[in-house]
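A closer look at the structure
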Amino acid sequence: MSTIADNIDQVSSRIRAATQAAGRAENSVRLLAVSKTKPAQDLRDAHAAGLCDFGENYLQEALGKQLELADLPLIWHFIGPIQSNKTRAIAEHFAWVHSVDRLKIAQRLSEQRPAELPPLNICIQVNVSGEASKSGCTPADLPALAEAISTLPRLKLRGLMAIPEPTQDRAEQDAAFAAVQRLQDSLNLPLDTLSMGMSHDLESAIANGATWVRIGTALFGARDYSQS
Ligand SMILES: *Cc1c(COP(=O)(O)O)cnc(C)c1O
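Residues numbered from 1 in each chain as written. Predicted model: local features only at pLDDT ≥ 70, side-chain atom pairs only at ≥ 80, totals over all residues. Heavy atoms only, no water.

With that settled, the discussion passes to the packing of aromatic side chains. The geometry of an aromatic ring pair comes down to the distance between the two centres and the angle between the two planes. For the structure shown, the criterion picks out three aromatic pairs. With centroids separated by 5.6 Å and ring planes inclined at 85°, the aromatic side chains of Trp 96 and Trp 212 adopt a geometry described as edge-to-face. Taken as a pair, Trp 96 in strand β4 (residues 96-100) and Trp 212 in strand β8 (residues 212-215) lie far apart in primary sequence, 116 residues in all. With respect to class, Trp 96 is no different from Trp 212; both count as buried. (Phe/Tyr/Trp six-rings, centres within 6.5 Å; stacked < 30°, edge-to-face > 60°. Helix = DSSP H or I, 4+ residues; strand = E, 2+ residues; numbered from the N terminus. Buried < 20%, exposed > 50% of the residue type's maximum accessible area, 1.4 Å probe, protein only.)

Here it is as structure tokens:
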């Protein structure tokens, strides 16, 4: 078995155990493989081992891999910071965007989503760690932003995404993820998605309602940024 297939087995076991421990339905948590900085061959191996959904943070890198992997039926998720001049390519080449945090970006994605594609699935990134994070809308701005995005014709608002400040402390993890779940519940909208939990904190995220966990390191190993 390849290392990646092995890692997928281990991560899947962690997800299953956490889902069961939380008393949640089997298959209520999905695995998004975060493949930033990793070569196309790693994604090919992960797909051969059963994964279809891949998350990328950097547009040019993602488009290159999409070309190399065009023979596979992969589902692409954009999860990184979004500049205005990147929205057209994102609207054209992804099925999901997890990192929308302002209305202007959402409006551009809606205008630029090609008519022949289904609506673009959107999560609003919310910042529950205060000044520790620069990405994500504030909890105070969330209700109005969610209302506005929910009316955009070519988008389908699915839920929230969060990246709490990293900590190994389970109580701190739980507090942050529970806050995201409460924010989601406080919105009067039909949302079905909570994108939260990474390699080090997926158990806490699942205990607090995550439906996508976004996993990089535990699947593909540590990232090497020294080449870029
Ligand atoms: C890199 C990244 C991940 C994956 O983090 P790991 O700790 O490697 O599992 C998840 N979500 C986002 C938004 C990321 O940028």
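What follows concerns helix α5 (residues 103-112). Along α5, the positions that sit buried rather than exposed are Ile 105, Ala 106, Leu 109, Ser 110 and Gln 112. Summarising the contacts, the buried residues of α5 are in contact with α4 (87-93), β4, β5 (120-125), α6 (142-150) and β6 (155-161). (Contact = heavy atoms within 4.5 Å.)

This part takes up the pattern of salt bridges. Where charged atoms from two side chains of opposite charge come close, those side chains can pair. Counting across every chain of the model gives eight salt bridges. Taking the shortest distance from any N to any O, the salt bridge between Asp 71 and Arg 44 comes out at 3.0 Å. Residue Asp 71 is found in the loop between α3 (59-68) and β3 (75-78), and its partner Arg 44 is found in helix α2 (residues 40-48); the two are separated by 27 residues along the sequence. Linking Lys 65 and Glu 56 is a salt bridge whose minimum nitrogen-to-oxygen distance equals 2.8 Å. (Salt bridge = Lys/Arg side-chain N within 4 Å of Asp/Glu carboxyl O.)

All right, on to helix α7 (residues 170-186) then. Here α7 is 17 residues long and its end C-alpha atoms lie 24 Å apart, about the 24 Å a rise of 1.5 Å per residue gives. Those residues of α7 lying buried are Gln 173, Ala 176, Phe 177, Ala 178, Ala 179, Val 180, Leu 183 and Gln 184. Lining the buried residues of α7 we find α6, β6, β7 (193-195) and α8 (202-207). You can read the cap of α7 off the contacts: a side-chain oxygen lies 3.0 Å from the backbone nitrogen of Ala 171, and it is on Asp 169. (Expected span 1.5 Å × (residues − 1). Polar contact = N/O pair within 3.5 Å; in protein donor to acceptor, adjacent residues only side chain to side chain.)

Despite not being glycine, Asn 27 shows a phi value in the positive range, around 70°. Phi at Thr 37 takes a positive value of approximately 70°, unusual for a residue other than glycine. Here Thr 37 is to be found in the loop between β1 (30-34) and α2. Judged by relative accessible area, Thr 37 falls into the partly exposed class, the value being 27%.

Here Asp 201 is to be found in the loop between β7 and α8. The buried charged residue Asp 201 lacks any salt bridge, with Arg 14 as its nearest oppositely charged partner at 7.1 Å. Looking at Asp 201, its side chain comes within polar contact range of the side chain of His 200, at 3.3 Å. Asp 201 has contacts with Gln 173 and Phe 177, leaving out every residue within four places of it along the chain. (Lys, Arg positive; Asp, Glu negative; His and termini not counted.)

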